[in-house]
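What follows is each chain in one-letter form.
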Amino acid sequence: MKKSKFSESQIVGILKEVELGAKVGETCRKHGISEATYYKWKTQFSGMTVSHLSQLRELQAENAKLKRMYADLALMHHALKDVVDRKL
């Protein structure tokens, strides 16, 4: 997936700009994005602040780390279970 040229804080700033009364079309032209991109961002980031976004990213990273740990432990568990079953 292509990485956005806008940071999350910039995206939140653009969304706030429209919330404060600017027109969507003008804001999109000003920042060089399409209206479809604006509305996609709006569904994804509406109501969030920069601190919420950073907290969300931290939680996603921690969740990914925990999933990897679980997968490793489950694999080890199945391997040990196979060894024990073969000995009996």
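Structure report, in brief. Fair warning: this is a prediction, and the values are worked out from it, not measured in the lab. (Residues numbered from 1 in each chain as written. Predicted model: local features only at pLDDT ≥ 70, side-chain atom pairs only at ≥ 80, totals over all residues. Heavy atoms only, no water.)

**Quick word on empty space enclosed by the protein**
Then step 1. Tallied over the entire structure, the rule returns one cavity of 30 Å³ or more.
Then step 2. Considered as a void within the structure, the largest cavity measures approximately 40 Å³ in volume.
Then step 3. Along its surface, the largest cavity is lined by Val12, Leu15, Lys16, Glu19, Phe45, Ser46, Gly47 and Met48.
Then step 4. Looking at the lining of the largest cavity element by element, the count peaks at four residues for helix H1 (residues 8-19).
Then step 5. Across the lining of the largest cavity, the residue classes tally to four nonpolar, two polar and two charged. (1 Å grid on protein atoms, 1.4 Å probe; cavity = no way out; pocket = protein on both sides within 12 Å on 5 of 7 lines; lining within 4 Å. Points joined across faces, edges and corners; volume = space filled by probe spheres on them. Helix = DSSP H or I, 4+ residues; strand = E, 2+ residues; numbered from the N terminus. Nonpolar A, V, L, I, M, F, W, Y, C, P; charged D, E, K, R; others polar.)

**What to know about the packing of aromatic side chains**
Then step 1. Scanning the entire structure with this criterion turns up two aromatic pairs.
Then step 2. Both rings, one in Phe6 and one in Trp41, keep their centres 5.4 Å apart while their planes meet at 75°; by these two values the pair is edge-to-face. In this pair, Phe6 is assigned in the segment before H1 and Trp41 in helix H3 (residues 35-45), connecting sequence segments 35 residues apart.
Then step 3. Judged by relative accessible area, which is 15%, Phe6 ranks as buried.
Then step 4. Ring geometry for Tyr38 and Tyr39: centres 5.0 Å apart, planes at 75°, overall edge-to-face.
Then step 5. For Tyr38, a relative accessible area of 3% translates into the label buried.
Then step 6. For Tyr39, a relative accessible area of 40% puts it in the partly exposed group. (Phe/Tyr/Trp six-rings, centres within 6.5 Å; stacked < 30°, edge-to-face > 60°. Buried < 20%, exposed > 50% of the residue type's maximum accessible area, 1.4 Å probe, protein only.)

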